[in-house]
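# Examining the three-dimensional arrangement
If you want the building blocks of each chain, they are given just below.
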Amino acid sequence: MNLSLIGHSFKYELEKIIRIFLPFEKITFSSVILNEDNCANTVLEIGGNQTRLFSELFLNGKYESLSDSIENSEDDLQKECERILAMQLCICFIKITGYTPKWGILTGVRPAKLFSRLSSQLGNDGARRYFSEKLMVSDSKISLCSEAVKGEEMITSLSRPESFSLYISIPFCPTRCAYCSFVSHSVEHAHKLMPEYVRLLCRELEITAEISKKLNLRLETVYIGGGTPTSISAEQLDSIMKCVSDNFYLSHLREYTVEAGRPDTVTDEKLEAIKKNGATRISINPQSMNDSVLEAIGRRHTAKHTVDAFYLARKHGFNNINTDLIAGLPTDTLESFKATVESVLRLGPESVTVHSLSVKRASNLTATGSLPEIETGKIASDMVEFARQRLTESGILPYYMYRQSKTVGNLENVGYSKKNFECLYNVYIMDETHTILAVGASAVTKLREPNGNRIERIFNYKYPYEYINRFDELMSRKDGITEFYEKYRTGYKP
């Protein structure tokens, strides 16, 4: 699609509007009016007292246009012009395609955070009106935002200026799922790297712990993710988790999560290692309870594996288990997804995270051309609405949410939980509440200014072989943690 920008530079926001409807369309940009199919013209003309805003869309042989004007005395004129052009372009797409995105023109990652900020300024009713009238957000998504804000604010209030969380990356999986673009490596191909990776990961944990102690930081949550952490052996898991308990102060720890992930990687020995080393929460992620859907996305486990792994975890004393589901998977139907939700509810998990399929350019689905379309988005929307209804009826309530680009139906990911079983780490990482010290390949340390809003990041190398071969160079980046706190520390003393 060609997008013309006349009299303005709102390229980023308008491109995101197009991506809602055409997630993988190649977009080119022009500064002249075009009159051809598969193009959009957006025009801003500043007059003496008013600014005229005009958008038109040529798509699949159809045409729509909208025109508005705004007083030049309007507060934050440029931002309001950008919003109106985005709204015009979105409405043109809606008229031509017949598809109305439930998040309207809101494309940000953290809608609940925006809703919270608007609520503090305008009150809850004012925030609701702004979402509805200015951003075209549906009533159901406004309600979801309002509920998620309550859960997130309860969790963020627990954090202190010296708080931090620890993320440990184990970027290995049994196989790569068709929808995945994470930096993860199959155990078959990376088996030889794993012992050295684990050894160096433990060394990075030791170095990170020394820094956190010198800075008098307070560890609130630990999260071991991936990949699939249970892809490695029970002995390797034990050594990593023992390294955490040997080197970090855990007296203030509120939560310790290990992603058991693929049900077919869960064993007695691994669960025993996880339990004895202090984990309080695990995640067993079926994604679907339909075997044909699992096969379509490249998973080697079955629904029975999920059931067996779940009850095995219960046998080992885990009383806080999360399950992940994905709406919009290839070959899945609304009825099949409903059956998945009901099957998971029968297991009785403490929390359920419902993701909407986000297909990245690096994923196998993209490579084979099976791209999400508008119809798929409509079905996925019905899926997430059903999940919300059934989980809420079962006392499993939304407590956090976030969004990703190129999601089917422009939808969201929502964490649901029973009361007092919310995942604190999920909120802290998405809200950027406090510092996240991250170790391992592809991990990103996110430094948050105590009593402030400044954020800085320190990136680890993406791939395990880079992590291993350039470990000493990577560890020199850790100096940035101390430098950050020395520069921006306020409110507590190291």
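Because the structure is a prediction, the values reported are computed rather than measured. (Residues numbered from 1 in each chain as written. Predicted model: local features only at pLDDT ≥ 70, side-chain atom pairs only at ≥ 80, totals over all residues. Heavy atoms only, no water.)

### Here we look at the layout of surface pockets
Rules: With a 1 Å grid spanning the protein atoms alone, the term cavity applies to any set of points in which a 1.4 Å probe fits but cannot get out, the term pocket to an open set with protein on both sides within 12 Å along at least five of seven lines, and the term lining residue to any residue with an atom within 4 Å of a point. Grid points are joined across faces, edges and corners, and a volume is the space filled by probe spheres set on the points. By definition, any uninterrupted DSSP run of H or I lasting at least four residues is a helix, any uninterrupted run of E lasting at least two residues is a strand, and each is numbered from the N terminus. When residues are sorted by character, Ala, Val, Leu, Ile, Met, Phe, Trp, Tyr, Cys and Pro go into the nonpolar class, Asp, Glu, Lys and Arg into the charged class, and all the rest, Gly among them, into the polar class.
Of the volumes computed, that of the second largest pocket is approximately 780 Å³. Elements with a contribution of two residues or more to the lining of the second largest pocket: α1 (11-21), α2 (77-97) and α3 (111-135). Take the lining of the second largest pocket: its biggest share by element is 10 residues, from α3. Within the lining of the second largest pocket, the residues separate by chemical class into nine nonpolar, three polar and 13 charged.

### A look at the pairing of strand β13 (residues 351-356)
Along any regular strand, the residues point their side chains to alternate faces of the sheet. Test applied: Partly exposed describes any residue whose relative accessible area lies between the buried limit of under 20% and the exposed limit of over 50%, with all areas from a 1.4 Å probe on protein chains only and scaled to the type maximum. DSSP bridges decide pairing: two strands pair if at least two such bridges lie between them. Here, the term right-handed applies to a crossover whose path from the first strand over the helix to the second runs clockwise when the strands point away from the viewer.
With six of six residues buried, β13 lies mostly within the body of the structure. Residues S351, T353 and H355 of β13 are buried on one face, and the alternating residues V352, V354 and S356, pointing to the opposite face, are buried as well. Note that strand β12 (residues 321-327) and β13 share six bridges and pair parallel. Within the sheet, the bridge partner assigned to L325 lies in β13 and is V354. Crossover connection from β12 via helix α11 (residues 334-347) to parallel β13: handedness right-handed. In terms of strand pairing, β13 meets strand β15 (residues 413-417) through four bridges, oriented antiparallel. Along β15, the bridge assignment pairs S351 with S417.

### A closer look at the packing of aromatic side chains
Here the distance between the centres and the angle between the planes together describe a pair of aromatic rings. The condition is simple: Only the six-membered ring of Trp is used, alongside the rings of Phe and Tyr, when aromatic pairs are assigned; centres must lie within 6.5 Å, and planes under 30 degrees apart are stacked while those over 60 apart are edge-to-face, with the rest tilted.
What the rule picks out here adds up to 16 aromatic pairs. With a centroid separation of 4.7 Å and an interplanar angle of 25°, the aromatic rings of Y223 and Y425 are classed as stacked. Here Y223, found in strand β9 (residues 218-226), pairs with Y425, found in helix α14 (residues 424-431); they are 202 residues apart in sequence, far enough to count as distant. Note on accessibility: Y223 and Y425 belong to one class, buried. Judged by centre distance (5.8 Å) and plane angle (10°), the ring pair of Y463 and Y465 falls under stacked. On the basis of relative accessibility, which here comes to 33%, the residue Y463 falls in the partly exposed class. Classification of Y465 by relative accessible area gives partly exposed; the value is 45%.

### Some thoughts on helix α8 (residues 268-276)
Our working definition: The reported arc concerns the directions from the helix axis to the C-beta atoms and nothing else. The contact criterion used is simple: two residues touch if any of their non-hydrogen atoms lie within 4.5 Å.
Residues of α8 that are buried include every one of K270, L271, A273 and I274, and no others. End-on view of α8: buried residues confined to an arc of 160°, all on one side of the axis. α8 presents E269 and K276 as exposed residues on the side facing more than 90 degrees away from its buried surface. On the buried face of α8, the contacting elements are α7 (234-247), β10 (255-261), β11 (281-284) and α10 (303-315). A positive backbone phi angle near 100° is found at G278, which sits one or two residues after α8.

### Here we look at the environment of P229
Locating P229 in the fold gives a position in the loop between β9 and α7. Between the alpha carbons of P229 and V444 there is a distance of 17 Å; along the sequence they are 215 residues apart.

### Comments concerning helix α13 (residues 374-393)
Quick reminder of the rule: A helix's residues, less one, multiplied by 1.5 Å, set its expected span.
Relative to the 28 Å expected for 20 residues at 1.5 Å per residue, α13 spans 29 Å between its end C-alpha atoms, a close match to the ideal helical length. Within α13, burial applies to G377, A380, S381, M383, V384, F386, A387, R388, R390 and L391. Here the buried face of α13 lies against α4 (139-156), β12, α11, β13 and β15. Of the residues flanking the end of α13, it is G395, one or two places downstream, whose phi is positive at about 80°.

### A look at the sheet that holds strand β3 (residues 39-46)
Quick note on the threshold: In this analysis, axes come from line fits to C-alpha atoms, helices being fitted only over the stretch in contact, and the angle between any two N-to-C directions falls in the range 0 to 180 degrees.
The strand order across the open sheet formed by five strands is β2-β1-β3-β4-β5, and the pairing between neighbours is mixed. Each having just a single partner strand, β2 (28-30) and β5 (62-71) make up the two edges of the open sheet. Neighbour-to-neighbour, the strand axes of the sheet open up by a mean angle of 15°, direction not taken into account. Examined bridge by bridge, β3 and strand β4 (residues 50-59) share eight bridges and lie antiparallel to one another. Residue pairing for β4: I46 is matched across the bridge by T51. The strands touched by α1 are β1 (2-6), β2 and β3; relative to β1, the strand with the most contacts, the crossing angle is about 150°.

### A word on the pattern of salt bridges
Short version of the rule: When a carboxyl oxygen of Asp or Glu is within 4 Å of a side-chain nitrogen of Lys or Arg, the pair counts as a salt bridge.
Going through the model one piece at a time under the given rule, you end up with 26 salt bridges. Between E220 and R254 there is a salt bridge whose closest N-O contact spans 2.6 Å. Residue E220 is located in strand β9, and its partner R254 is located in the loop between α7 and β10; the two are separated by 34 residues in the primary sequence. Among the residues examined, R254 registers a relative accessible area of 37% and is labelled partly exposed. For K304, the salt bridge is made with D308, and the minimal N-O distance between the two is 2.8 Å. Taken together, the positions of K304 and D308, both in helix α10 and four residues apart, correspond to about one turn of that helix. Salt bridges linked by common partners bring R110, E432, K446 and R457 together as one network.

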